[in-house]
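# Breakdown of the fold
Residue-level listing of the chains:
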Amino acid sequence: MQAVEWKKDYEEFEKIARQFYEGEIPAQKYKGFSGGFGSYAQRGGKLSMLRLRLPGGRVSREKLGFIVNAIEKYNIDKVHFTTCQTIQFHNLGVDAVCELAVEALDYGIVTRGGGGDFPRNVMVSPLSGVEEGEYFDVAPYAEAAADYLMGFIKTVKLPRKLKVGFSNSPKNEPHATFRDLGFAAREDGKFDVYSAGGLGNNPKMGVKVAEAVDGCKILYYIKAMVNMFVAYGNYENRAKARTRYMQEVLGDKYAETFREKLEEVMKEEQLDIQVEKKEITKQSDGETVEDKRVILQKQKGLYAIEYHPIGGCPEPSKFKELYAAMADMEQTELRIAPDETVYIVNCTGSEAKRILEITADSADTLFESSVACIGASICQVGVRDSQNLLKTLVESSKEWGFEDGVLPRIHISGCPSSCGTHQIGRIGFRGGVKKADGAMQPAFVLTVNGGDEQGKERFGEQIGTILESEIPAFLKELGTEIAQSGMKYDEWYEDHADRFAEIAKPYVE
């Protein structure tokens, strides 16, 4: 759909947004409308956020230029990389949010459907196309899926949001096996398809509905998924209006019912696609570089640089530095990962050294690369300030001085929605409350042993609720014992799950 067609929609968005800021529309009603344009009012209702749809988390240099200009023009002081591979601008006034949403269209960035009851940003393994050991590059198929899904925004009313993901290997970074619809690459160059999974309240693993699907057929599965959601999704109760609840409605017949919808689509429509596989023609400059944040690409002599700003919140000025450096770097681009990491891909050795310098503020340890949603200081529905907790823990970890890997990457969500993906963290925290000293106190539900690797997927087990103030002490005690064992966390936990529970017990009782 052309930018000019989308721009017409934003005329209504501006009208309603200004009415909200004038106090003419209540917050809940505005939320139901503005989400469809990728924007929500922040806590307090005085400022807004804007979510940029970036299929597969890919940020070309042109799109990066838009982000740089937006930050400077509107004095944006907070930017967040999300676990759905998007970029969020925060603390925007009404003029900024209305104008930015339209200006983004000229750069191929659509905010429409970034929130609300619509197909969301299509997720992809962040290093697809450049990663050594991947089955194949799934990004072209994801781009075709993203274009197709945008068409449903104006034509179909869904019960709630619909998330689609493509993984290029069993690492399963975009959680293809437990998305609303997921395409998991196979060694034979085809996809296995999973449906009706998801994190959050009542999480579910996806149901495998098809095996060995040719990439040219993916749109049939997307249309069948949309038809399934329309037919069996819950339009009456928003708490149960996600595809995973259709597993409860259909039980063992879910896969069979999906295939029936698929057959109908295949009889009625012609949705075969041919994708253009983009080749990386860039050559090595002969220089080599070694660093723990440098990843060798499958293209000989090229590198990807890992950059993880603490909490997924880089200094806004960092975008300008990267943009300037990438001016003469052919075929380089940013890729946002589902764990709030960013990769700068297709760098020669000398270019990689330059990017390493610019991104020197990156997390230095696995623990520092922990994941946190934007948190309750900004999010209206948030319960706890996950960003503040992570900041406290990172600062404390520098004092603890544990060897890298003694504590794992943790995942923090401010509420049950799991925007911080706490349910798949080795250690996860979910915002809540706990009674202590006769009063309700800020707390987090502790989960352990989550994982997203295909074939080993599991949701973390809830251990109990821990006071926010006691989380640093708990992690310090845990890390001290692991450090004394001479092991790293993953190795230690494998044989010490019971001991983990014992260490946690005094904190969660």
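Residues numbered from 1 in each chain as written. Predicted model: local features only at pLDDT ≥ 70, side-chain atom pairs only at ≥ 80, totals over all residues. Heavy atoms only, no water.

## Considerations on the packing of aromatic side chains
Under the criterion given, the structure shown has 25 aromatic pairs. Seen from their ring centres, Phe 166 and Phe 183 are 4.7 Å apart, and the 15° between their planes marks the pair as stacked. With a gap of 17 residues between them, Phe 166 in strand E7 (residues 164-167) and Phe 183 in strand E8 (residues 181-185) connect regions that are remote in the sequence. Like Phe 183, Phe 166 is buried. Linked through ring pairs, Phe 474, Tyr 489, Trp 492, Tyr 493, Phe 500 and Tyr 507 together constitute an aromatic cluster. (Phe/Tyr/Trp six-rings, centres within 6.5 Å; stacked < 30°, edge-to-face > 60°. Helix = DSSP H or I, 4+ residues; strand = E, 2+ residues; numbered from the N terminus. Buried < 20%, exposed > 50% of the residue type's maximum accessible area, 1.4 Å probe, protein only.)

## Side note on the sheet that holds strand E12 (residues 303-307)
Backbone-to-backbone hydrogen bonds pair the strands of a sheet. The strands run either parallel or antiparallel. Strand order across the open sheet formed by five strands is E3-E13-E14-E12-E11, with antiparallel pairing between neighbours. Looking along the sheet, the strands with just one partner apiece sit at the ends: strand E3 (58-59) and strand E11 (294-296). In this sheet, strand E14 (residues 342-347) lies alongside E12 in antiparallel orientation, the contact comprising four bridges. Bridged to Tyr 303 within E14 is Cys 347. (Pairing = 2+ DSSP bridges.)

## Let's talk about the packing of helix H9 (residues 317-325) against helix H10 (residues 349-358)
One can describe the packing of H9 onto H10 by two numbers: an axis separation of 10 Å at closest approach and a directional angle of 165°. Compared by their axis directions, H9 and H10 come out roughly antiparallel. Remark: the crossing between H9 and H10 carries right-handed chirality. Residues Lys 318, Glu 321, Leu 322 and Ala 325 of H9 touch H10, and the partners they reach there are Arg 354, Ile 355 and Ile 358. Its residues assigned to classes, the contact of H9 with H10 shows four nonpolar, no polar and three charged. (Axes fitted to C-alpha atoms, helices over the stretch in contact; angles between N-to-C directions. Parallel < 35°, antiparallel > 145°, perpendicular 65-115°, else oblique. Left-handed = near helix turned anticlockwise from the far one by under 90°. Contact = heavy atoms within 4.5 Å. Nonpolar A, V, L, I, M, F, W, Y, C, P; charged D, E, K, R; others polar.)

## A word on a nonpolar patch on the surface
A cluster of nonpolar side chains, Val 383, Val 433 and Met 440, forms an exposed patch at the surface whose accessible area comes to about 260 Å². Within the secondary structure layout, Val 383 lies in the loop between strand E15 (371-372) and helix H11 (386-400). Residue classification places Val 383 among the partly exposed residues on the basis of a relative accessible area of 35%. (Patch = residues over 30% accessible without salt bridge, like charges linked within 9 Å, V, L, I, M, F, W, Y side chains within 5 Å. Areas by Shrake-Rupley, 256 points an atom, 1.4 Å probe, with all protein chains shown as cover. Salt bridge = Lys/Arg side-chain N within 4 Å of Asp/Glu carboxyl O.)

## Some words on the pattern of salt bridges
Two side chains bearing opposite charge may form a pair once their charged atoms approach each other closely. Scanning all chains against the criterion turns up 38 salt bridges. Of the charged contacts in the structure, one is a salt bridge between Asp 272 and Lys 217, with a shortest N-O distance of 2.8 Å. Linking Asp 272 in the loop between helix H8 (254-268) and E11 with Lys 217 in the loop between strand E10 (207-213) and helix H6 (218-232), this pair joins segments that are 55 residues apart in sequence. Of the residues examined, Asp 272 reaches a relative accessible area of 34% and is grouped as partly exposed. The structure contains a network of salt bridges with shared partners spanning Arg 58, Glu 143, Lys 278, Glu 333 and Arg 335.

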